Amino acid sequence: MPEPPDLTEVGSRIEELLQELLTAADPAVSHRAEELVRLLMELYGGALERVVGMASEHGETGRALLERLTSDELLSSLLVLHGLHPVPTEERVQIVLDRLGPELGLGGGLELLGVDDSGIAQIRLGPGCDGSPLSAAARLALEGGIDEAAPEVGGVEVEGPPAQPPPSVFIPAGSLRHRPGGGAARRRGDGTRPAAVGP
């Protein structure tokens, strides 16, 4: 049997051919090429939608199938492309953060604050982190993990851990009482207070 094609390479070659056709001298050829790609996307996007719909109708078996589909990098990216991914973007990003926090040695963890309208994931270091910025290697791992799980996210912004409140100082209530004579009365060796001096 022939070796199955590398689908990543197939996708790259499609992009190359489309770009060549779009830059062709004949505008009619460019227009037809765009239409062809759009129709093909509608075709396999519609097929994917049917697959997701059928899986959703079959309880635990269907959920297990959806988990397998979404764990495949290529299928997951196609589901995102067509707006069919069953797991919301924020949830997929948080799963990545929960996994990478311990792997990157970030004891305080990573918290997703949200994904803004421009598609940027806002992330905050957890309160247990020392406040130093992420290393270049850690940032690359973070961006790579998010891009794989949620390719629709356009970028990552990381802020430091939340400011910690100053430690409270405990002062015993007894020390706040006013004592005559500017302080606590001294006691004799037998435990009794000396007699007051003066009228």
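First, a word on what this report is: a plain description of the structure on this page. Since the structure is predicted, the reported quantities are computational estimates derived from the model, not experimental observations. (Residues numbered from 1 in each chain as written. Predicted model: local features only at pLDDT ≥ 70, side-chain atom pairs only at ≥ 80, totals over all residues. Heavy atoms only, no water.)

Glancing now at the layout of surface pockets. Looking at the largest pocket, its volume works out to about 730 Å³. Lining the largest pocket are 20 residues, and of these Gly11, Ile14, Glu15, Tyr44 and Leu78 sit closest to its centre. Listing elements by their share of the lining of the largest pocket, those giving two or more residues are α1 (7-22), α2 (27-56) and α4 (73-81). Sorting elements by how many residues they give to the lining of the largest pocket places α1 first, with 10 residues. In terms of residue class, the lining of the largest pocket is made up of 15 nonpolar, 4 polar and 1 charged. Forming the boundary of the second largest pocket are 15 residues, of which Thr70, Ser71, Ser76, Arg92 and Ala149 lie nearest the centre. Counted by class, the lining of the second largest pocket contains 4 nonpolar, 5 polar and 6 charged residues. (1 Å grid on protein atoms, 1.4 Å probe; cavity = no way out; pocket = protein on both sides within 12 Å on 5 of 7 lines; lining within 4 Å. Points joined across faces, edges and corners; volume = space filled by probe spheres on them. Helix = DSSP H or I, 4+ residues; strand = E, 2+ residues; numbered from the N terminus. Nonpolar A, V, L, I, M, F, W, Y, C, P; charged D, E, K, R; others polar.)

The mixed open sheet is built from 3 strands, whose spatial order is β1-β2-β3. Single-partner strands in this sheet number two, and they are β1 (110-115) and β3 (155-159). Between one strand and the next, the sheet's axes are offset by a mean angle of 25 degrees, whatever the strand orientation. With 5 bridges connecting them, strand β2 (residues 120-125) and β3 associate as parallel partners. Looking at β3, one finds that Ile123 is bridged to Val158. Strands β1, β2 and β3 of the sheet are contacted by helix α6 (residues 136-149), whose axis makes an angle of about 135 degrees with β3. (Pairing = 2+ DSSP bridges. Axes fitted to C-alpha atoms, helices over the stretch in contact; angles between N-to-C directions. Contact = heavy atoms within 4.5 Å.)

The subject of this paragraph is the environment of Leu7. Of note, Leu7 is situated in helix α1. With a relative accessible area of 47%, Leu7 lands in the partly exposed category. (Buried < 20%, exposed > 50% of the residue type's maximum accessible area, 1.4 Å probe, protein only.)

The subject of this paragraph is the pattern of salt bridges. Applying the stated rule across the entire model yields 8 salt bridges. We note a salt bridge from Arg92 to Glu152, for which the minimum N-O separation is 2.6 Å. Of this pair, Arg92 sits in helix α5 (residues 89-103) while Glu152 is found in the loop between α6 and β3, placing the two residues 60 residues apart along the sequence. In this structure Glu152 comes out as partly exposed when scored by relative accessible area, which is 32%. Put simply, Arg99 and Glu103 hold a salt bridge, and the shortest N to O gap is 3.8 Å. Remark: Glu103 and Arg99 occur in helix α5; sequence separation between them is 4 residues, near one turn of the helix. By relative accessible area, which is 55% here, Glu103 ends up exposed. In the salt-bridge network here, residues are joined through shared partners; they are Glu111, Arg124 and Glu159. (Salt bridge = Lys/Arg side-chain N within 4 Å of Asp/Glu carboxyl O.)

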